[in-house]
Amino acid sequence: MALPEQRTVTVILRTIWSAVQKAASFVTTLIIICAIAVTALFLAKIKPYVVTTGSMVPAIPVHSVCFVNENATLESIAVGDVISFRMGESALVTHRVTAINDGRYTTKGDANNTEDTSPVTAENYIGKTVFVIPKIGTAAVFLHRRTGRVLAAVVIVLLMVTSFIPTKKDEKTGKEIKSGTFKAEKNSTDREP
């Protein structure tokens, strides 16, 4: 390969590598910001729950994430509020309050034809939904699968590796380049010892 062609390939590879490192930095920063935000919400007792059924469509689409304020007391709940509660031993439900009678809260999914059979009381109440982010629960559902966990681990390792690969500056242009990928041309005035 002639020298100008090598230089062109080197410039293209440097540009691609720089873009990969910038993308890795952006993704890493985004992950850290999200982790800090979720941790802060957890400490404030506002916990995320993924909606897995269509009982609250269209208000809350399937695979949305509901942030539930566990500090909200049951007594502060009004008709029309969306709350989360346990139904039976293990089922977690997020539905809208339709009626309140003597400390018993009747609920119903917006897409359901009938009200829930068991009322919500202090024993099974979890909290009030304060905000919803539609569809991002798809990622959480994927990460609960083995394939998702493996892919997440691979991405994290790749992000770490790309952040630790050293760079150096081209003496002529001052631009950062990956270590070992650039060999400066000798000037005709340079002499070997």
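In what follows, the structure referred to is the one given above.
Procedures and definitions
Residues numbered from 1 in each chain as written. Predicted model: local features only at pLDDT ≥ 70, side-chain atom pairs only at ≥ 80, totals over all residues. Heavy atoms only, no water. Helix = DSSP H or I, 4+ residues; strand = E, 2+ residues; numbered from the N terminus. Buried < 20%, exposed > 50% of the residue type's maximum accessible area, 1.4 Å probe, protein only. Contact = heavy atoms within 4.5 Å. Areas by Shrake-Rupley, 256 points an atom, 1.4 Å probe, with all protein chains shown as cover. Expected span 1.5 Å × (residues − 1). Core = buried A, V, L, I, M, F, W, Y, C linked by side-chain atoms within 4.5 Å. Pairing = 2+ DSSP bridges. Phe/Tyr/Trp six-rings, centres within 6.5 Å; stacked < 30°, edge-to-face > 60°. Polar contact = N/O pair within 3.5 Å; in protein donor to acceptor, adjacent residues only side chain to side chain. 1 Å grid on protein atoms, 1.4 Å probe; cavity = no way out; pocket = protein on both sides within 12 Å on 5 of 7 lines; lining within 4 Å. Points joined across faces, edges and corners; volume = space filled by probe spheres on them. Nonpolar A, V, L, I, M, F, W, Y, C, P; charged D, E, K, R; others polar.

Visitor: Residues and numbers for the overall build of the protein, please.
Guide: Across its full length, the protein holds three helices and eight strands. Of the regular secondary structure in the protein, the N- to C-terminal order runs α-β-β-β-β-β-β-α-α-β-β. Relative to its 193 residues, the protein shows a buried fraction of 25%. Across the protein, the fraction of contacts at a sequence separation of at least 24, relative to all contacts at a separation of at least 6, is 51%. Total accessible area on the protein stands at roughly 13,100 Å², and carbon and sulfur atoms take up 62% of it.

Visitor: Explain helix α1 (residues 3-43) residue by residue, including any values.
Guide: Since one α-helical turn is 3.6 residues long, residues separated by three or four positions face the same way. With 41 residues, α1 ought to run about 60 Å at 1.5 Å a step, and its terminal C-alpha atoms sit 59 Å apart, in line with that. Regarding α1, the residues found buried are Thr10, Arg14, Trp17, Gln21 and Ala24.

Visitor: Tell me about the nonpolar core, and name the residues and values.
Guide: Residues Ala72, Leu74, Ile77, Ile83, Phe85, Val93, Val97, Tyr105, Val120 and Tyr125 constitute the largest nonpolar core, which totals ten residues. Elements that contribute at least two residues to this core include exactly β3 (82-87) and β4 (91-101). Those residues in contact with Val97, other than ones at most four positions away along the chain, are Ile77, Ala78, Val79, Gly80, Asp81, Ile83, Tyr105, Thr106 and Thr107.

Visitor: I'd like a rundown of the pairing of strand β5 (residues 104-108), residues and numbers included.
Guide: Bridge count for β4 against β5 is five bridges, and the pairing is antiparallel. Across the sheet, Asn101 pairs through a bridge with Arg104, a residue of β5. Turn length for the β4-β5 hairpin, with the two strands adjacent in sequence and antiparallel, is two residues, and the turn residue Asp102 shows positive phi of about 50°.

Visitor: Now, about the packing of aromatic side chains: what can you tell me, with residues and values included?
Guide: Aromatic ring pairs are reported here in terms of the distance separating the ring centres and the angle at which the planes meet. The final tally for this structure, using the stated rule, is one aromatic pair. Ring centres 4.4 Å apart and planes at 15° place the aromatic pair Phe67 and Phe131 in the stacked group. With Phe67 in strand β2 (residues 65-69) and Phe131 in strand β6 (residues 125-133), this pair connects stretches of sequence that are 64 residues apart. Note on Phe67: relative accessible area 7%, which makes it buried.

Visitor: Which residues make up the side chain of Asn69, and what values go with them?
Guide: Within the fold, Asn69 resides in strand β2. From its side chain, Asn69 meets the backbone nitrogen of Asn71 in a polar contact 2.8 Å long. Beyond its immediate sequence surroundings of up to four residues, Asn69 is in contact with Lys45, Ile46, Gly127, Lys128 and Val130.

Visitor: How would you explain the layout of surface pockets if you had to name every residue and give the values?
Guide: Each pocket or cavity is described by its volume, and for the largest pocket that value is around 770 Å³. Along its surface, the largest pocket is lined by 25 residues, and Cys34, Ile136, Ala139, Ala140 and Leu143 are the ones closest to its centre. Going through the elements one at a time, α1, β1 (46-50), β2, α2 (137-143) and α3 (146-164) are the ones with two or more residues in the lining of the largest pocket. Top element by residues in the lining of the largest pocket is α1. It accounts for nine residues. Across the lining of the largest pocket, the residue classes tally to 23 nonpolar, two polar and no charged.

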